[in-house]
Amino acid sequence: MKSSDAWTPIAKLDEITKGKLLLWEEDGYSLLLTQIADRIICFENVCPHLGWPLEMSAVNKDQLICPHHGFEFDLLSGTCPFAPELSLHHFPVRIRDQYIEVRLNRVGPNGPN
Ligand code: FES
C-alpha cells in the first residue's frame with residue numbers, strides 16, 4: 001500500500017490524450033486520467049451514482065458521460081448538473097519531470113473528506 005500522503009508517479013505526460021481516459025490500477029486504486037485544456041485531471045474510476053466503473057465513459061469537451069445511465073459530470077469540478085449531490089472523487093495532481101504524479105490520499109479537490 002502506498003504511503004497515505006505520498007506523491008506517486010502514475011503516467012508519463014505524453015501518455016495523456018485530450019478527450020481520452022487513461023486507466024491506472026495499482027494497490028487497490030483504480031484511477032482515470034484525462035486532460036482538459038492544459039490541466040490534468042485524476043479521479044476515481046467509480047461513478048458516484050451506483051459505484052460502477054467509469055473507464056468506458058465518453059468525454060465530450062469538459063464533460064464525462066457515464067456509460068451506464070448517462071449521467072454527465074463536469075470534469076473540472078466533478079459535479080453532476082442533474083444530481084448536485086453526486087460528484088466525481090478527484091485526486092490532487094502535479095507534473096514532475098514529464099511524469100504525472102498523484103497524491104493518493106483520497107481527498108477531494110477542496111480538501112480532506
Ligand atoms: S452508474 Fe454511472 S450513471 Fe449510473
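Below: a short report on this structure. (Residues numbered from 1 in each chain as written. Predicted model: local features only at pLDDT ≥ 70, side-chain atom pairs only at ≥ 80, totals over all residues.)

## Quick notes on the overall build of the protein chain
Test applied: Labels follow the DSSP assignment, with helices taken as runs of H or I lasting at least four residues and strands as runs of E lasting at least two, numbered in each case from the N terminus. Residue burial is a threshold on neighbouring C-beta atoms within 10 Å of the residue's own C-beta, all placed from the backbone, with 20 or more meaning buried, 12 or fewer meaning exposed, and counts in between meaning partly exposed. By the criterion used throughout, residues are in contact when their C-beta atoms, derived from the backbone, lie within 7 Å.
Each helix and strand counted, the protein chain has zero helices and nine strands in total. The buried share of the protein chain, reckoned over its 113 residues, is 24%. In the protein chain, the proportion of contacts linking residues at least 24 apart, taken out of those at least 6 apart, comes to 39%.

## Let's talk about the sheet that holds strand β4 (residues 39–44)
For clarity, the cut-off: In this analysis, strands are considered paired if DSSP registers two or more bridges between them. Comment: axis = line fitted to C-alpha atoms, over the contacting stretch for helices; angle = value between 0 and 180 degrees taken between N-to-C directions.
Taken in spatial order, the three strands of this open sheet run β2-β3-β4, and their pairing is antiparallel. Of all the strands in the sheet, the pair left with one neighbour each is β2 (22–26) and β4. Averaged over all neighbouring strand pairs, the angle between strand axes comes to 25°, with direction disregarded. Here β2 pairs with strand β3 (residues 29–36) via five bridges, running antiparallel.

## Looking at the sheet that holds strand β6 (residues 63–65)
Across the sheet, three strands lie side by side as β5-β6-β7; this open sheet has antiparallel pairing. Each edge of the open sheet is held by one strand with a lone partner, namely β5 (58–60) and β7 (72–74). If you compare each strand with its neighbour and ignore which way they point, the axes differ by 25° on average.

## Some words on the pairing of β3
Connecting β2 to the antiparallel partner β3 that follows it, the hairpin turn spans two residues, and D27 within it adopts a positive phi of roughly 50°. For β3 and β4, the ladder comprises six bridges, and the chain directions are antiparallel. Looking across to β4, one finds that Q35 is bridged to I40. The turn joining β3 and β4, which pair antiparallel and follow one another in sequence, is formed by two residues; a positive phi near 55° is taken by A37.

## What about unusual backbone geometry?
A positive phi angle is found at D27, which is not glycine, with a value near 50°. Looking at the secondary structure, you find D27 in the loop between β2 and β3. D27 gets classed as exposed once you count the C-beta atoms within 10 Å, which come to 8.

## Remarks on the environment of I36
Mapped onto the elements of the fold, I36 is located in strand β3. Along the chain, I36 and K61 lie 25 residues apart, while their C-alpha atoms are 7.5 Å from each other. Those residues within four positions of I36 in sequence are excluded, and the remaining contacts are I41, D62, L75 and L76.

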